[in-house]
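# An overview of the molecular structure
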Amino acid sequence: MPPGITLAADTPTLSAANTGFMLICSALVMIMTPGLAFFYGGMVRVKSTLNMLMMSFISLGIVTILWVLYGFSAAFGTDHGSLIGWSSDYVGLSGIGLTQLWDGYTIPVYVFAVFQLMFAIITPALISGALADRVKFSAWALFITLWATLVYFPVAHWVWGTGGWAFDLGVIDFAGGTAVHINAGAAALGVILVIGKRVGFKKDPMRPHSLPLVMLGAGLLWFGWFGFNAGSWLGNDDGVGALMFVNTQVATAAAMLAWLIYEKIRHGACTTLGAASGAVAGLVAITPSGGSCSPLGAIAIGVVAGVLCAMAVGLKYRFGYDDSLDVVGVHLVGGVIGSLLIGFFATGGGQSDAQGLFYGGGLTQLWKQLAGVGAILAYSLVASAILAFLIDKAIGMRVSEDDEVSGIDQVEHAETAYDFSGAGGGTAPRSAAAGPGLVAESAAQTKKVDA
């Protein structure tokens, strides 16, 4: 995303077409967070379904308020030392005129702010998949608040804010390979190294309880990602957004097929979980690179991401870190792949004139990409681990072992995802009709359900 580049005339005027397009893209990015909730929710066991859904949904509430109060100002305000932004007019979104344009563009500041808000919402939600089954909901809410403030807002400024060090260096990140996916993936790794493994990791079966939910979530993510990616050019006066739209579809398809072929060769079957995971890997990898490569380059990026991410999800068993839903294997690895391959596949005819190694540009852009990837990965990893450690010492990050075994949904939310009381065709107990007995009955039902 290039906030300092003018798309239209030197003195742009408000474009109703671009404004409407960006509002639609903002809504598409918003639907990705519920899509992510379904994707993650289907991948966990029955007893953790609601908690997984809530860990995504709560980000819609917390980050929205933070963004209005100070997040937008910190990410996209006037640069201070190439590390953070700040503009008093953006605090509380109180000093912005209705028709005030985002600098150099044909859309209002309000539209840019709400589009970027949706990115800020989904990024911490991505982290939650690595922490399934074992984190207190209150601790997670506190972590989101601190992480968005100390990690996401500054990193967004580095990458997309005018004056940010990565922006000025020339690091290409069209829609969030570094700021969103590497940032979230590294954070997930940092937190799980602090809080430890689930009870029964590598011993008990922890299969997805609902693959249809996983496929529904993947479909919503794929759909919403067109707004995520194509919208990041903030208009389409020169066709770059259209190129990104095409490349998003192409890379995702290639990654899904590559993952399935790898699965067939390695494990003997093409699974629905593999199809969904491969699609997400392709979406992640094309996010930073799709504005700078050709459709043929997008195919290559998708194939590389599909195979390498499929290989990477098994690393947790080799190295012993419990990344519950493969956030590290898909988002961190996929983000690194997509960001670095810009140094090879950038054509110089898309979002900028920067060319990769395969198009005569040498290694210049690759070194820039390496600098951005390495710095953001390291910062997010260390900062997230420190935050998790401090929260754990202050209020505890994990539920008790007994609560984890019995089911985090009932413990943290006093609910279960599915009502099995009528499964046998009998009459529900009188105590389940209302009042405190309902909670007790739900707990009893939960213990009977195969985890």
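In what follows, the structure referred to is the one given above.
Below you will find a few notes about this structure. (Residues numbered from 1 in each chain as written. Predicted model: local features only at pLDDT ≥ 70, side-chain atom pairs only at ≥ 80, totals over all residues. Heavy atoms only, no water.)

### A closer look at the packing of aromatic side chains
In total, this model carries 27 aromatic pairs according to the counting rule given. Seen from their ring centres, Phe76 and Phe112 are 4.9 Å apart, and the 85 degrees between their planes marks the pair as edge-to-face. Of the two residues, Phe76 sits in helix α2 (residues 49-76) while Phe112 sits in helix α3 (residues 109-127), which places them 36 residues apart along the sequence. Across the pair, Phe112 and Phe76 agree in class, each one buried. For the pair Trp147 and Tyr152, a centre-to-centre distance of 6.5 Å together with 35 degrees between the ring planes defines the contact as tilted. By the burial criterion, Trp147 is buried, and Tyr152 matches it. (Phe/Tyr/Trp six-rings, centres within 6.5 Å; stacked < 30°, edge-to-face > 60°. Helix = DSSP H or I, 4+ residues; strand = E, 2+ residues; numbered from the N terminus. Buried < 20%, exposed > 50% of the residue type's maximum accessible area, 1.4 Å probe, protein only.)

### Here we look at the packing of helix α9 (residues 272-289) against helix α12 (residues 327-345)
It is at 7 Å that the axes of α9 and α12 come closest, and there the two elements cross at 35 degrees. Remark: the crossing between α9 and α12 carries right-handed chirality. Judged by residue contacts, Val280, Ala281, Val284, Ala285, Pro288 and Ser289 of α9 engage Val330, His331, Gly334, Gly335, Gly338, Ser339 and Ile342 from α12. Class assignment for the residues of the contact of α9 with α12 results in seven nonpolar, six polar and no charged. (Axes fitted to C-alpha atoms, helices over the stretch in contact; angles between N-to-C directions. Left-handed = near helix turned anticlockwise from the far one by under 90°. Contact = heavy atoms within 4.5 Å. Nonpolar A, V, L, I, M, F, W, Y, C, P; charged D, E, K, R; others polar.)

### What to know about the nonpolar core
Ranked by internal contacts, the top residues of the largest apolar core, which has 121 residues, are Phe72 and Leu131. For this core, the element with the highest residue contribution is helix α4 (residues 137-160), accounting for 15 residues. When near neighbours in sequence (up to four residues on either side) are disregarded, Phe72 contacts Trp67, Gly77, Tyr90, Leu93, Trp102, Val109, Phe112 and Ala113. (Core = buried A, V, L, I, M, F, W, Y, C linked by side-chain atoms within 4.5 Å.)

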